[in-house]
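Survey of secondary and tertiary structure
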Amino acid sequence: MFEDQTFEEIMDRMLNRISADIDTREGSVIYNALAPAAAELAKSYIWLDTVLELVFSDTAQGEFLDRRATEAGIERTAATKAVRAAEFTEGITIPVGSRFFVDNLYFQYTADGTLECETAGEAGNANISGQNLLSLDTIPGLQKAIVKEILIPGREEEDDDSLRARYFTRVRREAVSANKEHYKQWAEEVDGVGKAKIFPLWNGDGTVKIVVTNANLEPASDILISKVKNYIDPEPGQGEGQAPIGAFVTVESAVWKEIEISAEVLPEVNSSIEQVKKEIESGVLNLFKKMAFEDNVIRLSQINNIVYNSPSVSDYADIKINGLAENLVLSDVEIPKLGQVNIIEQTR
């Protein structure tokens, strides 16, 4: 808006106000007297431009977007802590609150028999399954303590794009009066939930089915499913949670659909078939993350583009998805999981 308010433009306007019989050339007394003020004014216009960007929700960032979202009753989702299963010596009682240490991470034992990472965010999602835990408390009879799989992944603090999308959903009244978007919003508010898909009237009047993924866009654990159910509809039909009276909510996990990709590839000179495979796997994984509950068709053209744009690929042919050279349609509750990537090297 103020792009034309440069130092030179401001100086020209100032100097044009000076009498013609006074020397206004660069380096003159009057020029040197006005230049500092013009520089400060130019800086002020730059700040004014920035302030206007921070005022409106489509361009606001950080704390300014937080303040705008608060006006609509929305707060940025804080980082959440990972929850993991654990295995202990059979028959002993682990006091709630007992602390354990492994791989620079601290965990606390919870009332539901799981371990909660003390560090919020994705740190607790580390690949530590099967490692021995060091108890920081004296627990009689404890001889075995092993950290197991992730039950609820930790998630970093919500970014600006996600918060902005939720803000627009609220102010545009897309989620209101327990409509589909409202149920989706409720489900995705639960710590550890990534995405949710809503199926109204799935089993008759008043019934709603919610299918969720965890924060890593993977199938949800039983503990996470229970959290979503208790938040939205703890007492079926009674309106004790977010759902209105008369609504009977069922919560289920998304399910994996294993996808195999195959192709014949001619690597670039000085590139190996292993490099090619790694690049293709990375591209397909990114595609699958974006697709989860957003698009239920894996298109052959998308896989073609990934292979074509891989830096280590010189030429390619015969790309297939699950053995067929055609699009693959997922069911409403399926999310894609990359299985085998079979790359056959073409000869030159």
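Residues numbered from 1 in each chain as written. Predicted model: local features only at pLDDT ≥ 70, side-chain atom pairs only at ≥ 80, totals over all residues. Heavy atoms only, no water.

**Some words on the UniProt feature "domain: Baseplate J-like C-terminal" (unreviewed entry) in the chain**
Taken from the UniProt record, the annotation "domain: Baseplate J-like C-terminal" (unreviewed entry) applies to residues 259-344. Counting secondary structure, residues 259-344 comes out at 33% helix and 38% strand; the distance between its end C-alpha atoms is 17 Å. (UniProt positions renumbered as here; feature names shortened; annotations may be inferred. Helix = DSSP H or I, 4+ residues; strand = E, 2+ residues; numbered from the N terminus.)

**Focus: the nonpolar core**
In this structure, I298 and I303 are the most contacted members of the largest nonpolar core, which totals 24 residues. When contributions to this core are tallied by element, the ones reaching two or more residues are β10 (255-267), α7 (273-291), α8 (300-308), β12 (313-321) and β14 (334-345). Ranked by residue count, the leading element in this core is α7, at seven residues. Beyond its immediate sequence surroundings of up to four residues, I303 is in contact with I261, V284, L287, I298, I319 and I321. Counting residues in hydrophobic clusters, the runner-up holds 23 residues, among them I152, A196, I232 and A247. (Core = buried A, V, L, I, M, F, W, Y, C linked by side-chain atoms within 4.5 Å. Buried < 20%, exposed > 50% of the residue type's maximum accessible area, 1.4 Å probe, protein only. Contact = heavy atoms within 4.5 Å.)

**Let's talk about the domain arrangement of the chain**
When cut into domains, the chain gives domain 1 (7-55), domain 2 (81-152), domain 3 (175-253) and domain 4 (258-345). Between the C-alpha centres of domain 2 and domain 4 there is a distance of 37 Å. (Domains from an automatic or database assignment.)

**Section: the packing of aromatic side chains**
What the rule picks out here adds up to five aromatic pairs. Plain terms: the ring middles of F88 and Y109 are 5.6 Å apart, the flat faces sit at 80° to each other, and that makes the pair edge-to-face. Here the residue F88 occupies a position in strand β1 (residues 81-88), and Y109 occupies one in strand β3 (residues 105-109), the gap between them amounting to 21 residues. Here the two residues F88 and Y109 agree in accessibility, since each one is buried. Ring plane angle 55° and centroid distance 5.7 Å describe the contact between Y167 and F168, whose orientation is recorded as tilted. The same class applies to Y167 and to F168, which are both buried. An aromatic cluster is built from F88, F100 and Y109, whose rings are joined through pairwise contacts. Over the ring of F168 we find R172, and its NZ or CZ is 4.3 Å from the ring centre. (Phe/Tyr/Trp six-rings, centres within 6.5 Å; stacked < 30°, edge-to-face > 60°. Lys NZ or Arg CZ within 6 Å of the ring centre and 35° of its normal.)

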